[in-house]
Amino acid sequence: MSQLPASNVLRGAGWCLLLLLLASLGGVSPSAAELQPVASSTYARPVGVLQQVSRPDSVPVPTSTPAPPPPPQRYADAEAAAAIVTLTNNLRAQHGLSPLTADGALAAAAQAYAETMATNDWFAHDGPDGSTLSSRAQAAGYNGWSYLMENLYRGFYGDSSANIIQVWVTSPAHLNALLSDLAMEIGVGCYVSGDYRWCVQVFGAR
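A brief structural summary. In this text the structure is predicted, and so the values were computed from the model without any measurement. (Residues numbered from 1 in each chain as written. Predicted model: local features only at pLDDT ≥ 70, side-chain atom pairs only at ≥ 80, totals over all residues. Heavy atoms only, no water.)

The helix and strand inventory of the protein chain stands at eight helices and five strands. For the protein chain, the α and β elements follow one another from N to C terminus as α-α-α-β-α-β-α-α-β-α-α-β-β. When each of the 206 residues of the protein chain is scored for burial, the buried share is 30%. A sequence separation of at least 24 residues applies to 70% of the contacts in the protein chain between residues at least 6 apart. (Helix = DSSP H or I, 4+ residues; strand = E, 2+ residues; numbered from the N terminus. Buried < 20%, exposed > 50% of the residue type's maximum accessible area, 1.4 Å probe, protein only. Contact = heavy atoms within 4.5 Å.)

Tallied over the entire structure, the rule returns five salt bridges. With a shortest N-O distance of 3.3 Å, Arg206 and Asp103 are connected by a salt bridge. Pair noted here: Arg206 is in the segment after strand 5 (196-205) and Asp103 is in the loop between strand 2 (101-102) and helix 5 (104-120), with a separation of 103 residues, a long-range link. For Arg206, the salt bridge is made with Glu185, and the minimal N-O distance between the two is 3.8 Å. With Arg206 in the segment after strand 5 and Glu185 in strand 4 (residues 185-193), this residue pair connects regions lying 21 residues apart in the sequence. Residue Arg206 is classed as exposed on the basis of its relative accessible area, which comes to 52%. Exposure remark for Glu185: the relative accessible area of 17% places this residue in the buried category. (Salt bridge = Lys/Arg side-chain N within 4 Å of Asp/Glu carboxyl O.)

Packed helices, taken two at a time, are described by their axes: the angle between them and the distance between them. It is at 9 Å that the axes of helix 4 (residues 78-94) and helix 7 (residues 161-169) come closest, and there the two elements cross at 50 degrees. If you check the angle between helix 4 and helix 7, you find them oblique. For the crossing formed where helix 4 meets helix 7, the hand is right-handed. Where helix 4 approaches helix 7, its residues Ala80, Ala83, Ile84, Leu87, Thr88 and Leu91 are matched on the opposing element by Ser161, Ala162, Ile164, Ile165, Trp168 and Val169. Residues of the contact of helix 4 with helix 7, tallied by class, amount to 10 nonpolar, two polar and no charged. (Axes fitted to C-alpha atoms, helices over the stretch in contact; angles between N-to-C directions. Parallel < 35°, antiparallel > 145°, perpendicular 65-115°, else oblique. Left-handed = near helix turned anticlockwise from the far one by under 90°. Nonpolar A, V, L, I, M, F, W, Y, C, P; charged D, E, K, R; others polar.)

The next thing to look at is the state of the cysteines. The tally for this structure, following the rule as stated, stands at one disulfide. Each sulfur of the disulfide joining Cys190 and Cys199 lies 2.3 Å from the other. Disulfide Cys190-Cys199: torsion about the S-S bond near 115 degrees, hence right-handed. Both residues of the pair, Cys190 and Cys199, count as buried. (Disulfide = S-S within 2.5 Å.)

Moving on, we come to the side chain of Asp77. Relative to the assigned elements, Asp77 resides in the loop between strand 1 (74-76) and helix 4. Reaching out from Asp77, the side chain makes a polar contact with the backbone nitrogen of Ala80 at a distance of 3.1 Å. (Polar contact = N/O pair within 3.5 Å; in protein donor to acceptor, adjacent residues only side chain to side chain.)

This part takes up the packing of aromatic side chains. One pass over the structure, following the stated rule, counts two aromatic pairs. On the basis of an interplanar angle of 55 degrees and a centroid distance of 4.9 Å, the ring pair of Phe156 and Tyr157 is categorised as tilted. Judged by relative accessible area, which is 28%, Tyr157 ranks as partly exposed. Above the ring of Tyr113, the side-chain terminus of Arg136 is found at 3.5 Å from the ring centroid. (Phe/Tyr/Trp six-rings, centres within 6.5 Å; stacked < 30°, edge-to-face > 60°. Lys NZ or Arg CZ within 6 Å of the ring centre and 35° of its normal.)

Let's shift gears to the pairing of strand 4. Of all nine residues in strand 4, nine are buried; the element is thus mostly enclosed. Bridge analysis of strand 1 against strand 4 gives three bridges, and the strand direction is antiparallel. Its bridge partner lying in strand 4, Arg74 is registered against Ser193. Across nine bridges, strand 4 lies against strand 5 in antiparallel orientation. Bridge pairing in strand 5 places Cys190 opposite Cys199. Linking strand 4 back to strand 5 in an antiparallel pair, the connection comprises two residues, with Gly194 at a positive phi of about 65 degrees. (Pairing = 2+ DSSP bridges.)

If you want it as structure tokens, here you go:
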């Protein structure tokens, strides 16, 4: 059997004494002191999660298509027409003249022409189709007439009927028609298109 050097024997004995001393102080066996585990933990978010948090995918914001503008208003204004008939007779009464009788044929001719002018953005006594006061009255059934006169108006649709009468009163030619002693019957028609109102006032006698 080979002999170990004395220095090696002494070194080994020293380690044994040191381990026995540590064991007696710590209350653990030498083998437990050698195998004590060491643990540590930390948490780092995955790169993909960090990217989603710091730079979220942009979500497109839906855009609404603007609604088209509403079509222009278009309607027959029977209320304005009736008021003009009443105000005309009131004006005639102030000048000692007899009231005019509302006539259905003259009213139909006036209403049809008011709509024609409004639809065609027209303003003249001769129509865009070549019609005239007499041809329109006769087409509506007003035959055998001895007197015909016509007043026209175009203005803001919110204007009152009294304002329309006032516009005619300030014109000598229109005032003569309003106060004619030859007129016996009347027909009025009004039509609104967009921001404007067209009115036709027809006087007649048979």
